[in-house]
Amino acid sequence: MLTFNEAQLMAWVSPLLWPFLRVLAMFTAAPIFSMRAIPVRIKVALAFLVAVCAQAVLPAQPVVAMDSSAAWGAIVQQVGVGLAIGFAVRLVFIAIELAGEVIGLQMGLNYASFFDPASNAQRGALTGFYSNIALLLFVVVNGHLMVLMAALQSFQAFPVDGNFLQAVRQMRLHDLGAGIFSSALWMALPLVALLMFVNLAMGIISRVAPQTNIYAVGFPVTITVGLLGITATLPMLEQPLMALLQQSIDLFLAP
(Lines give C-alpha, C1' and ligand atoms only; values in the text may rest on other atoms or scores of the structure.)
Protein backbone atom coordinates (compact mmCIF):
# COMPACT_ATOMS: atom_id res chain seq x y z
CA MET A 1 0.00 0.00 0.00
CA LEU A 2 1.38 3.36 -1.02
CA THR A 3 1.56 6.07 1.64
CA PHE A 4 2.41 9.75 1.30
CA ASN A 5 3.34 12.31 3.88
CA GLU A 6 2.79 16.06 3.77
CA ALA A 7 6.36 16.84 2.75
CA GLN A 8 6.12 14.60 -0.30
CA LEU A 9 2.77 16.06 -1.34
CA MET A 10 4.05 19.64 -1.03
CA ALA A 11 7.17 18.73 -3.01
CA TRP A 12 4.89 17.60 -5.85
CA VAL A 13 2.40 20.48 -5.57
CA SER A 14 4.80 23.43 -5.03
CA PRO A 15 6.21 23.54 -8.61
CA LEU A 16 2.64 24.02 -9.89
CA LEU A 17 0.98 25.93 -7.05
CA TRP A 18 3.04 29.12 -7.02
CA PRO A 19 3.10 29.71 -10.83
CA PHE A 20 -0.60 28.86 -10.96
CA LEU A 21 -1.48 31.47 -8.32
CA ARG A 22 0.68 34.17 -9.94
CA VAL A 23 -0.66 33.60 -13.45
CA LEU A 24 -4.26 33.35 -12.25
CA ALA A 25 -3.92 36.65 -10.37
CA MET A 26 -2.48 38.25 -13.49
CA PHE A 27 -5.49 37.04 -15.49
CA THR A 28 -7.82 39.01 -13.21
CA ALA A 29 -6.19 42.35 -14.08
CA ALA A 30 -4.39 42.04 -17.43
CA PRO A 31 -6.13 43.21 -20.63
CA ILE A 32 -7.90 40.57 -22.72
CA PHE A 33 -7.45 37.91 -20.02
CA SER A 34 -9.67 39.83 -17.58
CA MET A 35 -12.56 40.28 -20.03
CA ARG A 36 -15.94 39.34 -18.60
CA ALA A 37 -16.73 37.40 -21.75
CA ILE A 38 -14.16 34.77 -20.71
CA PRO A 39 -15.66 32.36 -18.15
CA VAL A 40 -13.86 31.95 -14.85
CA ARG A 41 -13.43 28.23 -15.45
CA ILE A 42 -11.58 28.95 -18.68
CA LYS A 43 -9.26 31.36 -16.86
CA VAL A 44 -8.52 28.81 -14.14
CA ALA A 45 -7.91 26.05 -16.67
CA LEU A 46 -5.66 28.30 -18.80
CA ALA A 47 -3.65 29.38 -15.74
CA PHE A 48 -3.15 25.73 -14.76
CA LEU A 49 -2.11 24.87 -18.33
CA VAL A 50 0.44 27.70 -18.37
CA ALA A 51 1.83 26.58 -15.00
CA VAL A 52 2.22 23.00 -16.28
CA CYS A 53 3.80 23.97 -19.60
CA ALA A 54 6.23 26.40 -17.95
CA GLN A 55 7.84 23.84 -15.66
CA ALA A 56 10.80 23.41 -18.02
CA VAL A 57 11.82 27.09 -17.79
CA LEU A 58 10.91 27.92 -14.19
CA PRO A 59 13.49 27.74 -11.40
CA ALA A 60 13.07 25.24 -8.59
CA GLN A 61 10.24 26.33 -6.34
CA PRO A 62 10.67 26.23 -2.55
CA VAL A 63 8.61 23.78 -0.55
CA VAL A 64 6.50 25.63 2.02
CA ALA A 65 4.30 23.82 4.51
CA MET A 66 0.68 24.91 4.10
CA ASP A 67 0.03 24.92 7.85
CA SER A 68 2.74 27.54 8.49
CA SER A 69 2.61 31.32 8.45
CA ALA A 70 5.16 31.39 5.60
CA ALA A 71 2.60 29.76 3.31
CA TRP A 72 0.18 32.68 3.71
CA GLY A 73 2.98 35.13 3.02
CA ALA A 74 3.94 33.23 -0.14
CA ILE A 75 0.32 33.16 -1.30
CA VAL A 76 -0.05 36.91 -0.76
CA GLN A 77 3.20 37.50 -2.63
CA GLN A 78 2.12 35.45 -5.67
CA VAL A 79 -1.27 37.14 -5.85
CA GLY A 80 0.28 40.58 -5.36
CA VAL A 81 2.96 40.13 -8.04
CA GLY A 82 0.40 38.71 -10.49
CA LEU A 83 -1.97 41.61 -9.90
CA ALA A 84 0.92 44.07 -10.27
CA ILE A 85 1.84 42.62 -13.68
CA GLY A 86 -1.74 42.90 -14.91
CA PHE A 87 -2.10 46.40 -13.45
CA ALA A 88 1.14 47.58 -15.08
CA VAL A 89 -0.08 46.43 -18.51
CA ARG A 90 -3.49 47.98 -17.79
CA LEU A 91 -1.76 51.32 -17.24
CA VAL A 92 -0.57 51.22 -20.86
CA PHE A 93 -4.19 51.07 -22.03
CA ILE A 94 -5.15 53.81 -19.59
CA ALA A 95 -2.50 56.05 -21.18
CA ILE A 96 -3.96 55.51 -24.65
CA GLU A 97 -7.50 56.03 -23.35
CA LEU A 98 -6.37 59.26 -21.68
CA ALA A 99 -4.92 60.43 -25.00
CA GLY A 100 -8.28 59.69 -26.66
CA GLU A 101 -10.09 61.56 -23.88
CA VAL A 102 -7.92 64.66 -24.36
CA ILE A 103 -8.35 64.56 -28.14
CA GLY A 104 -12.11 64.08 -27.81
CA LEU A 105 -12.27 67.04 -25.44
CA GLN A 106 -10.53 69.27 -27.99
CA MET A 107 -12.73 68.03 -30.84
CA GLY A 108 -15.96 68.39 -28.89
CA LEU A 109 -16.80 64.70 -29.25
CA ASN A 110 -16.88 64.06 -25.51
CA TYR A 111 -20.53 65.03 -25.66
CA ALA A 112 -21.07 61.70 -27.46
CA SER A 113 -20.47 59.58 -24.37
CA PHE A 114 -21.97 56.20 -23.62
CA PHE A 115 -22.09 53.71 -20.77
CA ASP A 116 -19.38 51.09 -20.98
CA PRO A 117 -20.45 47.88 -19.19
CA ALA A 118 -16.84 46.67 -19.08
CA SER A 119 -15.68 49.57 -16.89
CA ASN A 120 -19.08 50.53 -15.40
CA ALA A 121 -18.50 54.19 -16.31
CA GLN A 122 -19.27 56.76 -18.96
CA ARG A 123 -16.78 56.83 -21.82
CA GLY A 124 -16.34 59.20 -24.70
CA ALA A 125 -16.59 58.01 -28.27
CA LEU A 126 -12.90 58.59 -28.99
CA THR A 127 -11.89 57.00 -25.69
CA GLY A 128 -13.63 53.78 -26.67
CA PHE A 129 -12.22 53.97 -30.19
CA TYR A 130 -8.63 54.36 -29.01
CA SER A 131 -9.15 51.61 -26.43
CA ASN A 132 -10.35 49.17 -29.08
CA ILE A 133 -7.50 50.09 -31.44
CA ALA A 134 -4.98 49.56 -28.62
CA LEU A 135 -6.55 46.20 -27.83
CA LEU A 136 -6.25 45.10 -31.45
CA LEU A 137 -2.64 46.28 -31.62
CA PHE A 138 -1.94 44.48 -28.37
CA VAL A 139 -3.02 41.20 -29.95
CA VAL A 140 -1.28 41.89 -33.26
CA VAL A 141 2.13 42.55 -31.64
CA ASN A 142 1.70 39.43 -29.44
CA GLY A 143 1.34 41.51 -26.31
CA HIS A 144 -0.59 38.73 -24.60
CA LEU A 145 2.41 36.42 -25.06
CA MET A 146 4.74 39.12 -23.72
CA VAL A 147 2.60 39.39 -20.59
CA LEU A 148 2.71 35.62 -20.06
CA MET A 149 6.48 35.63 -20.49
CA ALA A 150 6.75 38.49 -17.99
CA ALA A 151 4.71 36.50 -15.45
CA LEU A 152 6.97 33.47 -15.85
CA GLN A 153 10.25 35.40 -15.89
CA SER A 154 9.15 37.36 -12.81
CA PHE A 155 10.12 34.30 -10.76
CA GLN A 156 13.74 35.27 -11.44
CA ALA A 157 13.31 38.83 -10.11
CA PHE A 158 10.71 37.97 -7.45
CA PRO A 159 11.30 34.43 -6.19
CA VAL A 160 8.85 32.74 -3.86
CA ASP A 161 9.99 33.95 -0.46
CA GLY A 162 6.81 35.47 0.97
CA ASN A 163 8.30 38.99 1.20
CA PHE A 164 5.57 40.94 -0.60
CA LEU A 165 6.60 44.39 0.68
CA GLN A 166 10.11 43.92 -0.66
CA ALA A 167 8.66 42.96 -4.05
CA VAL A 168 6.44 46.06 -4.11
CA ARG A 169 9.38 48.31 -3.24
CA GLN A 170 11.47 46.73 -6.00
CA MET A 171 8.76 47.16 -8.67
CA ARG A 172 8.50 50.96 -8.32
CA LEU A 173 5.11 51.10 -10.00
CA HIS A 174 4.76 54.78 -9.11
CA ASP A 175 7.53 55.64 -11.57
CA LEU A 176 5.62 53.80 -14.28
CA GLY A 177 2.45 55.74 -13.46
CA ALA A 178 4.24 59.07 -13.90
CA GLY A 179 5.65 57.97 -17.24
CA ILE A 180 2.27 56.69 -18.39
CA PHE A 181 0.52 60.04 -18.02
CA SER A 182 3.34 61.98 -19.63
CA SER A 183 3.30 59.54 -22.55
CA ALA A 184 -0.45 60.01 -22.92
CA LEU A 185 -0.02 63.76 -23.24
CA TRP A 186 2.76 63.29 -25.80
CA MET A 187 0.52 61.01 -27.88
CA ALA A 188 -2.28 63.57 -27.83
CA LEU A 189 0.00 66.59 -28.37
CA PRO A 190 -0.01 66.62 -32.24
CA LEU A 191 -3.79 66.62 -32.48
CA VAL A 192 -4.15 69.04 -29.57
CA ALA A 193 -1.78 71.48 -31.32
CA LEU A 194 -3.63 71.04 -34.62
CA LEU A 195 -7.04 71.64 -33.06
CA MET A 196 -5.70 74.59 -31.09
CA PHE A 197 -4.57 76.13 -34.39
CA VAL A 198 -8.06 75.53 -35.84
CA ASN A 199 -9.69 77.18 -32.82
CA LEU A 200 -7.31 80.12 -33.16
CA ALA A 201 -8.26 80.45 -36.84
CA MET A 202 -11.96 80.31 -35.90
CA GLY A 203 -11.37 83.07 -33.35
CA ILE A 204 -9.70 85.26 -35.96
CA ILE A 205 -12.59 84.65 -38.38
CA SER A 206 -15.12 85.59 -35.73
CA ARG A 207 -13.29 88.88 -35.16
CA VAL A 208 -12.94 89.66 -38.88
CA ALA A 209 -16.53 88.68 -39.73
CA PRO A 210 -18.66 89.11 -36.58
CA GLN A 211 -21.82 88.22 -38.45
CA THR A 212 -20.53 84.66 -38.93
CA ASN A 213 -22.17 82.09 -36.68
CA ILE A 214 -18.94 80.68 -35.33
CA TYR A 215 -20.71 77.86 -33.43
CA ALA A 216 -22.44 76.60 -36.57
CA VAL A 217 -19.16 76.68 -38.52
CA GLY A 218 -16.66 75.82 -35.82
CA PHE A 219 -17.99 72.43 -34.71
CA PRO A 220 -18.07 70.83 -38.20
CA VAL A 221 -14.65 72.24 -39.04
CA THR A 222 -13.13 71.10 -35.74
CA ILE A 223 -14.55 67.60 -36.04
CA THR A 224 -13.49 67.28 -39.69
CA VAL A 225 -9.94 68.44 -39.02
CA GLY A 226 -9.77 66.21 -35.93
CA LEU A 227 -10.86 63.14 -37.89
CA LEU A 228 -8.29 63.89 -40.59
CA GLY A 229 -5.62 64.27 -37.90
CA ILE A 230 -6.62 60.96 -36.32
CA THR A 231 -6.39 59.28 -39.73
CA ALA A 232 -2.87 60.67 -40.19
CA THR A 233 -1.55 59.86 -36.71
CA LEU A 234 -3.26 56.52 -36.01
CA PRO A 235 -0.68 54.41 -37.95
CA MET A 236 2.00 55.78 -35.59
CA LEU A 237 0.24 54.47 -32.46
CA GLU A 238 2.15 51.18 -32.54
CA GLN A 239 5.49 52.70 -31.51
CA PRO A 240 4.35 54.34 -28.24
CA LEU A 241 2.26 51.26 -27.42
CA MET A 242 5.27 48.96 -27.79
CA ALA A 243 7.51 51.34 -25.85
CA LEU A 244 5.07 51.60 -22.94
CA LEU A 245 4.43 47.86 -22.96
CA GLN A 246 8.16 47.09 -22.87
CA GLN A 247 8.64 49.63 -20.09
CA SER A 248 5.93 48.03 -17.96
CA ILE A 249 7.19 44.49 -18.55
CA ASP A 250 10.81 45.40 -17.75
CA LEU A 251 9.75 46.07 -14.16
CA PHE A 252 9.26 42.35 -13.60
CA LEU A 253 12.35 40.99 -15.34
CA ALA A 254 15.55 40.12 -13.55
CA PRO A 255 18.32 42.71 -14.00
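Here the residue numbering is sequential within each chain, running from 1 through the sequence in written order. Per-residue local features of the predicted model are confined to residues with pLDDT of at least 70, and side-chain atom pairs are confined, for both listing and counting, to 80 or more; whole-chain, interface and lining totals are unaffected and use all residues. Hydrogens and water are ignored here; the side-chain numbers use all heavy atoms of the structure.

A. Looking closely at the overall build of the protein chain. Numbered from the N terminus, helices here are DSSP runs of H or I no shorter than four residues, and strands are runs of E no shorter than two. What the protein chain contains, in helices and strands, is 9 helices and 2 strands. Shown N-terminal to C-terminal, the secondary structure of the protein chain runs as helices and strands in the order α-α-α-β-β-α-α-α-α-α-α. Whether two residues are in contact is decided by their heavy atoms, any of which lying within 4.5 Å being enough. Sequence separation of 24 or more characterises 81% of the internal contacts of the protein chain that already satisfy a separation of 6 or more. Only the protein chains shown count as cover for residues, and all accessible areas are computed by the Shrake-Rupley method using a 1.4 Å probe. Counting only carbon and sulfur atoms, one obtains 71% of the accessible surface of the protein chain, whose full area is about 13,900 Å².

B. View of helix α7 (residues 173-208). Taking 1.5 Å per residue as the helical rise, α7 with its 36 residues ought to reach 52 Å, and the 51 Å between its terminal C-alpha atoms agrees with that figure. What the bend at a residue measures is the angle between two axes, fitted to the seven residues ending there and to the seven starting there. Residue leucine 189 marks the point of greatest curvature in α7, where the axis turns by about 45°; the proline proline 190 follows within four residues. Residues of α7 that are buried include every one of Leu176, Gly177, Gly179, Ile180, Ala184, Met187, Ala188, Leu191, Val192, Leu195, Val198 and Met202, and no others. One less than the residue count of a helix, multiplied by 1.5 Å, gives the span that helix is expected to have. Only protein chains enter the calculation, and the probe is 1.4 Å; a residue is then buried if its accessible area is under 20% of its type maximum, exposed if over 50%, and partly exposed in between.

C. Seen up close, unusual backbone geometry. In the Ramachandran plot, isoleucine 32 falls in the positive-phi region, its phi being about 70° despite a non-glycine side chain. For isoleucine 32, the position within the fold is in the loop between α1 (6-27) and α2 (40-53). Of note, the phi angle at asparagine 142 is positive, near 60°, even though the residue is not glycine. For asparagine 142, the location among the structural elements is in the loop between α4 (125-140) and α5 (143-157). We classify asparagine 142 as partly exposed; its relative accessible area is 38%.

D. Layout of helix α3 (residues 69-107). The first and last C-alpha atoms of α3 sit 56 Å apart over 39 residues, in line with the 57 Å expected at 1.5 Å per residue. Glycine 108, located one to two residues past α3, shows a positive phi value of around 85°.

E. Expanded view of the environment of methionine 187. In this fold, methionine 187 is placed in helix α7. Note on methionine 187: relative accessible area 17%, which makes it buried. Spatially, the C-alpha atom of methionine 187 lies 6.2 Å from that of alanine 99, the residues being 88 residues apart in sequence. Setting aside its immediate chain neighbours within four residues, methionine 187 contacts Ala95, Ile96, Ala99, Leu237, Pro240 and Leu244.

F. Just the packing of α7 against helix α9 (residues 238-249), in detail. Angles shown run from 0 to 180 degrees and are taken between the N-to-C directions of axes, each axis being a line fitted to C-alpha atoms and, for helices, limited to the stretch in contact. Closest axis-to-axis distance for the α7/α9 pair is 11 Å, and the angle between their directions is 180°. It follows from the interaxial angle that α7 and α9 lie roughly antiparallel. Note on element contacts: α9 touches α7 through Pro240, Leu244, Gln247 and Ser248, opposite Leu176, Ile180, Ser183 and Met187. Here the residues of the contact of α7 with α9 are counted per class, giving 5 nonpolar, 3 polar and no charged. Working rule for angles: under 35 degrees goes down as roughly parallel, over 145 as roughly antiparallel, 65 to 115 as roughly perpendicular, anything else as oblique. Think of it as three bins: nonpolar holds Ala, Val, Leu, Ile, Met, Phe, Trp, Tyr, Cys and Pro, charged holds Asp, Glu, Lys and Arg, and polar takes everything else, Gly as well.

G. Broad picture of the packing of α5 against α9. At a closest axis distance of 10 Å, the pairing of α5 and α9 adopts a crossing angle of 15°. Regarding the angle of α5 to α9, the classification is roughly parallel. As for how α5 packs across α9, the hand of that crossing is right-handed. Here α5 contributes Gly143, Met146, Val147 and Ala150 to the contact with α9, which in turn contributes Met242, Leu245, Gln246 and Ile249. Its residues assigned to classes, the contact of α5 with α9 comprises 6 nonpolar, 2 polar and no charged. By definition, turning the near helix anticlockwise from the far helix through less than a right angle yields a left-handed crossing, and turning it clockwise yields a right-handed one.

H. Seen up close, the nonpolar core. Here the nonpolar core consists of buried residues drawn from Ala, Val, Leu, Ile, Met, Phe, Trp, Tyr and Cys, with membership extended through side-chain atoms lying within 4.5 Å. Counting residues in each nonpolar core, the largest one holds 64 residues, and the members touching the most others are Trp18, Met26, Ile103 and Tyr130. Secondary structure elements with two or more residues in this core: α1, α2, α3, α4, α5, α6 (164-171), α7 and α9. Broken down by element, the residue count for this core peaks at 15 residues, all from α3. Setting aside chain neighbours within four positions, we find isoleucine 103 in contact with Leu126, Tyr130, Ala188, Leu191, Leu195 and Ile230.

I. Local environment of the environment of arginine 123. Along the chain, arginine 123 turns up in strand β2 (residues 121-124). In this structure arginine 123 comes out as buried when scored by relative accessible area, which is 15%. Counting along the chain gives 26 residues from arginine 123 to glutamate 97, while the straight-line C-alpha distance between them is 9.4 Å.

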